[in-house]
Amino acid sequence: MPGEGIPIYTNFLTLPLFQNLKSRVDEESYLTDYYSIRFKKRSENVTLSYQDIQLIKKFDNKLYAKSLRLLTKGFISKKVPLYQQSYNLKTEKFTTKNINMAQCLLTMEHLAEVRKLPVASQKWLQKKVELNQLYNIYSRKGKAVDRNQSASNYALAALIGRTTSNEKLYRSAIKSLIAFQVSDTSSKIYGSFGDKKTNQVYSFNELLALLALSNIKTAEFDY
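The rules we used
Residues numbered from 1 in each chain as written. Predicted model: local features only at pLDDT ≥ 70, side-chain atom pairs only at ≥ 80, totals over all residues. Heavy atoms only, no water. Helix = DSSP H or I, 4+ residues; strand = E, 2+ residues; numbered from the N terminus. Buried < 20%, exposed > 50% of the residue type's maximum accessible area, 1.4 Å probe, protein only. Pairing = 2+ DSSP bridges. Axes fitted to C-alpha atoms, helices over the stretch in contact; angles between N-to-C directions. Core = buried A, V, L, I, M, F, W, Y, C linked by side-chain atoms within 4.5 Å. Contact = heavy atoms within 4.5 Å. Parallel < 35°, antiparallel > 145°, perpendicular 65-115°, else oblique. Left-handed = near helix turned anticlockwise from the far one by under 90°. Nonpolar A, V, L, I, M, F, W, Y, C, P; charged D, E, K, R; others polar. Phe/Tyr/Trp six-rings, centres within 6.5 Å; stacked < 30°, edge-to-face > 60°. Salt bridge = Lys/Arg side-chain N within 4 Å of Asp/Glu carboxyl O.

Excluding glycine, a negative phi dihedral is what most residues carry, and trans is how most peptide bonds are arranged. With a phi close to 60 degrees, Asn132 is a non-glycine residue in the positive phi region. One can find Asn132 in the loop between α6 (119-130) and β9 (137-139). On the accessibility criterion, Asn132 (39% relative accessible area) is partly exposed. Its identity as a non-glycine residue notwithstanding, Ser165 has a phi of 60 degrees, on the positive side. Given the relative accessible area of 67%, Ser165 is considered exposed.

Now the structure itself:
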């Protein structure tokens, strides 16, 4: 097969492709959210969770350094060790009203991949996972705004646990993740992480669950 043995990122995100993308969305050495073909202009916003700094580092060290600084600047506080959602280049301010946990966890995972995730964030996450209180939306003061939960959040927590070699976090997150799996064999979506009442299944939940559950031995966990 063509490209066999070549890492995935070099197959689908070659340096020329990266450079072309960067030329479209780069503003002040930040990768902005999008480029409008219709209006021929870049977005003024930089969403922190979009900054895959480990991947960026493979292609552009200068851009990596600036993206890392932005993510670090987006850390809210030691009391609320979560991350801002978006930064506006025009106002030079973060525009976060409430914290979308999925986006925050993606930012945390990206930081963990380059060993820059603060211990305070890891401890906060581990506590919430162990209490089974990893809610979907928090205020900037750390209060739960939406107490619904999702499989994707626990999958991301598990990935962070694996990335940081935090076995306790990983195990706790996996147990919570499995609780979302549809176990009714008569269900049309049996085995998925969807809603068995509505039969709705979301790819974000499913794909992250697959990533979190990959390369583990079932015998190691008490489901």
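Now, onward.
Let us now look at the sheet that holds strand β10 (residues 144-146). Ordered in space as β8-β9-β10, the three strands form an open sheet in which the pairing is antiparallel. Both edges of this open sheet fall to β8 (98-100) and β10, since each of them pairs with a single strand only. Pairs of neighbouring strands in the sheet enclose a mean axial angle of 35 degrees, with direction left out of account. Across three bridges, β8 lies against β9 in antiparallel orientation. Its bridge partner lying in β9, Ile99 is registered against Tyr138.

Generally speaking, a soluble globular protein has its nonpolar side chains buried in company with each other. In this structure, Met101, Leu105, Met108, Leu125, Val129, Leu134 and Leu177 are the most contacted members of the largest nonpolar core, which totals 49 residues. Put simply, the parts of the chain that give this core at least two residues each are β2 (30-31), α3 (53-59), α4 (61-73), α5 (101-113), α6, α7 (151-163), α8 (167-178) and α9 (203-213). In terms of residue count, the dominant contributor to this core is α7 (eight residues). Leu134 has contacts with Met101, Leu105, Trp124, Leu125, Lys128, Val129, Gln149, Asn153, Tyr154 and Ala157, leaving out every residue within four places of it along the chain.

All right, on to the packing of α7 against α8 then. Orientation of α7 relative to α8, taken along the N-to-C sense of each, is 160 degrees, at an axis distance of 8 Å. Considering their axes alone, α7 and α8 lie roughly antiparallel with respect to each other. Crossing geometry of α7 relative to α8 is assigned as left-handed. Contacts between α7 and α8 involve Ala151, Tyr154, Ala155, Ala157, Ala158, Ile160, Gly161 and Arg162 from the first element and Leu169, Tyr170, Ala173, Ile174, Ser176 and Leu177 from the second. Of the residues contributing to the contact of α7 with α8, the split by class is 11 nonpolar, two polar and one charged.

The subject of this paragraph is the packing of aromatic side chains. Aromatic ring pairs are defined here through the distance separating the ring centres and the angle between the ring planes. With the rule as written, the count across this model stands at five aromatic pairs. Ring geometry for Phe75 against Tyr83: centres 5.6 Å apart, planes inclined by 65 degrees, an arrangement best described as edge-to-face. Each ring, one from Tyr135 and one from Tyr138, has its centre 6.2 Å from the other, and the planes form 35 degrees; the classification is tilted. For the pair Tyr135 and Tyr138, one class covers both residues: buried. Connected via pairs of aromatic rings, a cluster forms that spans Trp124, Tyr135 and Tyr138.

On the secondary structure map, Asn98 appears in strand β8. A C-alpha to C-alpha distance of 9.2 Å links Asn98 and Lys141, two positions 43 residues apart in sequence. If sequence neighbours within four positions are ignored, Asn98 has contacts with Gln85, Ile137, Tyr138, Ser139 and Val145.

So, about the pattern of salt bridges. What the rule picks out here adds up to two salt bridges. Across the pair Lys168 and Glu130 runs a salt bridge whose closest N-O atoms are separated by 3.6 Å. Of the two residues, Lys168 is situated in helix α8 and Glu130 in helix α6; the sequence distance between them amounts to 38 residues. With its nearest N and O atoms 2.8 Å apart, the salt bridge here joins Arg171 to Glu167. Of this pair, Arg171 and Glu167 both sit in helix α8, four residues apart, which is roughly one turn of that helix. A relative accessible area of 28% means that Arg171 is categorised as partly exposed.

Read these as geometric descriptors, not functional statements.
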